[in-house]
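Coordinate analysis (summary)
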Amino acid sequence: MPSPLLTIEVDRRDAGSARLRLAGELDFDTAPELVEAAAGLRRDGLQELWLDFTDVTLCDSSGLSALVLIHRAGTGAVHLLGLNAQIRQLLDRTGLAELLTAPPRTATGDAREVG
């Protein structure tokens, strides 16, 4: 059974930033799509990227590698929003939570943006 596709919805927030709402699986097959979407936004002059993981159902090592590539390729911050417990744990264990701008854990261990 093929894995669900990753959907990336882009919302240009202002002259220098954009929010990418991700839905589906961020894995070996779909990670290049995210890297290319981020690269395209950066070519358009949008350096600060907000990646919304609220509807991401899976993130594997290829997804984590994509986040590192996006971080290294730009000059602005990469913010992660809507992290579920599994993805937050992966970021914590690999040290990527410190590299990327991930919100602090809440009392329940879940990080979500409000508003």
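Our subject in this report is the structure included herewith. (Residues numbered from 1 in each chain as written. Predicted model: local features only at pLDDT ≥ 70, side-chain atom pairs only at ≥ 80, totals over all residues. Heavy atoms only, no water.)

In this section: the pairing of strand β2 (residues 17-26). With respect to burial, β2 is a largely interior element, eight of its 10 residues being buried. Count of turn residues in the strand β1 (residues 7-14)/β2 antiparallel hairpin: two residues. As defined by bridge partners, β2 adjoins strand β3 (residues 48-59) across nine bridges and the pair is classed as parallel. Looking at the pairing, arginine 19 lines up with tryptophan 50 of β3. Each parallel crossover has a hand, and the one from β2 via helix α1 (residues 31-43) to β3 is right-handed. (Buried < 20%, exposed > 50% of the residue type's maximum accessible area, 1.4 Å probe, protein only. Helix = DSSP H or I, 4+ residues; strand = E, 2+ residues; numbered from the N terminus. Pairing = 2+ DSSP bridges. Right-handed = clockwise from strand over helix to strand, strands pointing away.)

A few words on the sheet that holds β3. Pairing is mixed across the open sheet formed by four strands, whose spatial order is β1-β2-β3-β4. In this open sheet, the two strands that pair with only one neighbour each are β1 and β4 (78-81). Between one strand axis and the next, the sheet turns through 20° on average, direction left out of account. Of the strands in this sheet, β1, β2, β3 and β4 touch α1, which is tilted by about 170° from β2. (Axes fitted to C-alpha atoms, helices over the stretch in contact; angles between N-to-C directions. Contact = heavy atoms within 4.5 Å.)

Attention shifts here to the packing of aromatic side chains. A ring pair, where both rings are aromatic, is described by two values, the distance of the centres and the angle of the planes. Across all of its chains, the model carries zero aromatic pairs by this definition. Sitting over the ring of tryptophan 50, arginine 13 keeps its end group 4.7 Å from the ring centre. (Phe/Tyr/Trp six-rings, centres within 6.5 Å; stacked < 30°, edge-to-face > 60°. Lys NZ or Arg CZ within 6 Å of the ring centre and 35° of its normal.)

Nothing here speaks to function; it is all geometry.
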